[in-house]
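Structural description and commentary
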Amino acid sequence: NAGVTQTPKFRILKIGQSMTLQCAQDMNHNYMYWYRQDPGMGLKLIYYSVGAGITDKGEVPNGYNVSRSTTEDFPLRLELAAPSQTSVYFCASSFPGQDSYEQYFGPGTRLTVT
Amino acid sequence: AQRVTQPEKLLSVFKGAPVELKCNYSYSGSPELFWYVQYSRQRLQLLLRHISRESIKGFTADLNKGETSFHLKKPFAQEEDSAMYYCALSQYGGATNKLIFGTGTLLAVQP
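The text that follows walks through the structure, step by step, so that each part is easy to find.

So, how was this worked out
Residues numbered from 1 in each chain as written. Chains lettered and ligands numbered in written order. Predicted model: local features only at pLDDT ≥ 70, side-chain atom pairs only at ≥ 80, totals over all residues. Heavy atoms only, no water. Buried < 20%, exposed > 50% of the residue type's maximum accessible area, 1.4 Å probe, protein only. Helix = DSSP H or I, 4+ residues; strand = E, 2+ residues; numbered from the N terminus. Pairing = 2+ DSSP bridges. Disulfide = S-S within 2.5 Å. Salt bridge = Lys/Arg side-chain N within 4 Å of Asp/Glu carboxyl O. 1 Å grid on protein atoms, 1.4 Å probe; cavity = no way out; pocket = protein on both sides within 12 Å on 5 of 7 lines; lining within 4 Å. Points joined across faces, edges and corners; volume = space filled by probe spheres on them.

1. Here's the deal with the pairing of strand β11 (residues 109–113) of chain A
All names here are of chain A. What you see with β11 is a clean split: Thr109, Leu111 and Val113 sit on the buried side and Arg110 and Thr112 on the side with no burial. Note: strand β2 (residues 10–13) against β11, four bridges, orientation parallel. Looking at the pairing, Arg11 lines up with Leu111 of β11. By the bridge criterion, three bridges tie strand β9 (residues 87–94) to β11 in an arrangement that is antiparallel.

Quick look at the structure:
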């Protein structure tokens, strides 16, 4: 299993540009998550999904959109990039249920907006 | 408000010394606490969870509800323990498994 994969690894955007960060998992996990990590800070939840067709906002959703058309994929869209979105983005997935709190993380995407 | 606090950005110890990485939390319900670790050039991964009451790689962590703490301990540090450690909180029995992370502590074990 590849686990959780993310593309691209690095990206530099100009202010106002848009892009999609890709995330895929091959573990048949229902739950998927997007986090951002700013320097010296912990991970903050942007959006999450509990299954195909179901998404919800996390702590810092402004400036982002998500979709979940399949169990495997959970892309994150930035419509109008701003310098405040410079961060490292992590995708994660997990099984649902009381005994399955472990989240499996992707390697991250480092995004710079200038 | 739900919050996880890791007061130390950096903890430097010598090999063989005891290690204690501090974590305090603020949560009104029944929390589930975790420690995640990120070794150099590796992805973030689960180290241990309080409900399992297990020792992983010599690390243990006890949930102290009175002090709202979940400190990570190891009696004798090894160089391979050098990594970034994150304490995280989730709502026990919650439907979405959402995690709240602390800011992390970089553990540096000197030879």
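2. Observations concerning the state of the cysteines
Every disulfide links exactly two cysteines, by a covalent bond between their sulfur atoms. Enumeration over the complete set of coordinates arrives at two disulfides over all chains. Bridging Cys23 of chain A to Cys91 of chain A, the disulfide has an S-S length of 1.8 Å. The S-S bond linking Cys23 of chain A to Cys91 of chain A shows a torsion near -70°; that makes this disulfide left-handed. Of this pair, Cys23 of chain A sits in strand β3 (residues 19–25) while Cys91 of chain A sits in strand β9, and the two are 68 residues apart along the sequence. A single burial state applies to Cys23 of chain A and to Cys91 of chain A, both of which are buried. With its sulfur 2.0 Å from that of its partner, Cys23 of chain B forms a disulfide with Cys87 of chain B. Of note, the bridge from Cys23 of chain B to Cys87 of chain B carries an S-S torsion of about -65° and is left-handed in sense.

3. Considerations on the pattern of salt bridges
All names here are of chain B. For the structure on display, the rule yields seven salt bridges over all chains. A salt bridge links Asp81 to Lys74, with the nearest nitrogen and oxygen atoms 2.8 Å apart. Considered together, Asp81 and Lys74 belong to a single accessibility category, that of buried residues. Salt bridges linked by common partners bring Glu20, Lys22 and Lys73 together as one network.

4. What about the layout of surface pockets?
In this structure, the largest pocket occupies an estimated 540 Å³ of space. Residue lining of the largest pocket: 23 residues in total, with Val88, Phe90, Pro107 and Arg110 of chain A together with Gln38 of chain B positioned closest to the centre. At the level of secondary structure, the elements contributing two or more residues to the lining of the largest pocket comprise β9 and β11 of chain A together with β9 (83–91) of chain B. The element contributing the most residues to the lining of the largest pocket is β11 of chain A, with four residues. Volume-wise, the second largest pocket comes out at about 450 Å³.

5. Thoughts on the sheet that holds strand β7 (residues 60–61) of chain B
Residue and element names in this part refer to chain B. Pairing in this open sheet of three strands is antiparallel, and the strands run β3-β8-β7 from one edge to the other. Sheet topology places β3 (19–21) and β7 at the edges, where each strand pairs with a single neighbour. Both β7 and strand β8 (residues 72–74) contribute to a ladder of two bridges, which runs antiparallel. Opposite Thr60, over in β8, you have Lys73 as the bridge partner.

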